[in-house]
Amino acid sequence: MARTFSLAALFVVLAAGCGPRDGRKPVIPVSGRVTCKGEPMAGAMVGFHPLDDPDPRAVRAQATADKDGRYTLTTYATGDGAPAGAYAVTVYWPGPRPKGQALEPGEDEEVPPDRLKRAFADPRATKLRAAVRAEPNTIDFHLP
């Protein structure tokens, strides 16, 4: 009996000491609201781009705002959050394409125009920043 207990205790200690084997970083819940001129930005796509990892293949958290402008970030599984750290934040708010509007050079026919005129769409140029702390986070963005 003592030997069984010792083996079980050893297994628990070893399992507890192991981190994620798939290379995933721990994530923390992040949610908030995006508004423009005080109005909810339904359908806005929010992206968190880590400032401390310049690798373009680095894991990024993203969300799409609901009709009230509320979002919940996803990194690995729906609504799981984002790793702690500093982020550049992008916001793309798709709008309807007016009938007969010509495409601009380089514009994809499938992608509707950004209501924000791409002011916050490029992670290298956006002025939006966020810090995800090691506790549940509520991060709102109120755009002009």
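A few points on the structure. The shown structure was predicted, so the numbers you read here are calculated from the model rather than taken from an experiment.

## What to know about the nonpolar core
Here comes step 1: Core analysis: the largest hydrophobic core is formed by 26 residues, its most contacted members being Met41, Phe48, Tyr71, Val91 and Phe141.
Here comes step 2: Contact partners of tyrosine 71, with chain neighbours within four places excluded, come to Val30, Ser31, Gly32, Arg33, Val34, Val46, Phe48, Ala63, Ala65, Ile139 and Phe141.

## Re the pairing of strand 7 (residues 129-132)
Here comes step 1: Going residue by residue along strand 7, you find Ala130 and Val132 tucked away on one face and Arg129 and Ala131 left uncovered on the opposite face.
Here comes step 2: Pairing of strand 6 (residues 85-92) with strand 7 involves four bridges; the strand directions are antiparallel. Along strand 7, the bridge assignment pairs tyrosine 87 with alanine 130.

## Some thoughts on the pattern of salt bridges
Here comes step 1: Counted according to the given criterion, the structure contains two salt bridges.
Here comes step 2: The partner of aspartate 68 in a salt bridge is lysine 67, and the shortest N-O contact between them spans 3.6 Å.
Here comes step 3: Note that aspartate 122 and arginine 124 form a salt bridge whose closest N and O atoms lie 3.4 Å from each other.

## Quick notes on the pairing of strand 3 (residues 45-50)
Here comes step 1: The buried fraction of strand 3 amounts to five of the six residues, a majority that puts the element mostly inside the structure.
Here comes step 2: Where strand 3 meets strand 4 (residues 61-64), four bridges bridge the pair, whose relative direction is antiparallel. Along strand 4, the bridge assignment pairs glycine 47 with glutamine 62.
Here comes step 3: Pairing of strand 3 with strand 6, which is carried by six bridges, proceeds in the antiparallel orientation. By the bridge assignment for strand 6, glycine 47 is matched with threonine 90.

## Description of the side chain of aspartate 114
Here comes step 1: With respect to the element layout, aspartate 114 can be found in the loop between strand 6 and strand 7.
Here comes step 2: For aspartate 114, which is buried and forms no salt bridge, the nearest opposite charge comes from arginine 118, at a distance of 5.3 Å.
Here comes step 3: A distance of 3.0 Å separates a polar atom in the side chain of aspartate 114 from the backbone nitrogen of leucine 116.

## Points about unusual backbone geometry
Here comes step 1: Within the chain, lysine 117 stands out as a residue other than glycine whose phi angle is a positive 55 degrees.
Here comes step 2: Along the chain, the position of lysine 117 falls in the loop between strand 6 and strand 7.
Here comes step 3: Within the chain, arginine 118 stands out as a residue other than glycine whose phi angle is a positive 60 degrees.
Here comes step 4: Locating arginine 118 in the fold gives a position in the loop between strand 6 and strand 7.

## Notes on the packing of aromatic side chains
Here comes step 1: Across all of its chains, the model carries two aromatic pairs by this definition.
Here comes step 2: With a centroid separation of 5.4 Å and 55 degrees between ring planes, the pair formed by phenylalanine 48 and tyrosine 87 is classed as tilted. Of this pair, phenylalanine 48 sits in strand 3 while tyrosine 87 sits in strand 6, placing them 39 residues apart in sequence.
Here comes step 3: Aromatic ring contacts, followed pair by pair, group Phe48, Tyr87 and Phe141 into a single cluster.
Here comes step 4: Directly above the ring of tryptophan 93 sits arginine 115, whose terminal nitrogen or CZ lies 4.5 Å from the centroid.

## Section: the environment of threonine 72
Here comes step 1: With respect to the helices and strands, threonine 72 occurs in strand 5 (residues 70-72).
Here comes step 2: By relative accessible area, which is 42% here, threonine 72 ends up partly exposed.
Here comes step 3: Distance from threonine 72 to glutamine 62, taken between C-alpha atoms, is 8.1 Å for residues 10 residues apart in sequence.
Here comes step 4: Those residues in contact with threonine 72 that sit more than four places away from it in its chain are Val30, Ser31, Gln62, Ala63 and Gly79.

Conventions used here
- Residues numbered from 1 in each chain as written.
- Predicted model: local features only at pLDDT ≥ 70, side-chain atom pairs only at ≥ 80, totals over all residues.
- Heavy atoms only, no water.
- Core = buried A, V, L, I, M, F, W, Y, C linked by side-chain atoms within 4.5 Å.
- Buried < 20%, exposed > 50% of the residue type's maximum accessible area, 1.4 Å probe, protein only.
- Contact = heavy atoms within 4.5 Å.
- Helix = DSSP H or I, 4+ residues; strand = E, 2+ residues; numbered from the N terminus.
- Pairing = 2+ DSSP bridges.
- Salt bridge = Lys/Arg side-chain N within 4 Å of Asp/Glu carboxyl O.
- Lys, Arg positive; Asp, Glu negative; His and termini not counted.
- Polar contact = N/O pair within 3.5 Å; in protein donor to acceptor, adjacent residues only side chain to side chain.
- Phe/Tyr/Trp six-rings, centres within 6.5 Å; stacked < 30°, edge-to-face > 60°.
- Lys NZ or Arg CZ within 6 Å of the ring centre and 35° of its normal.

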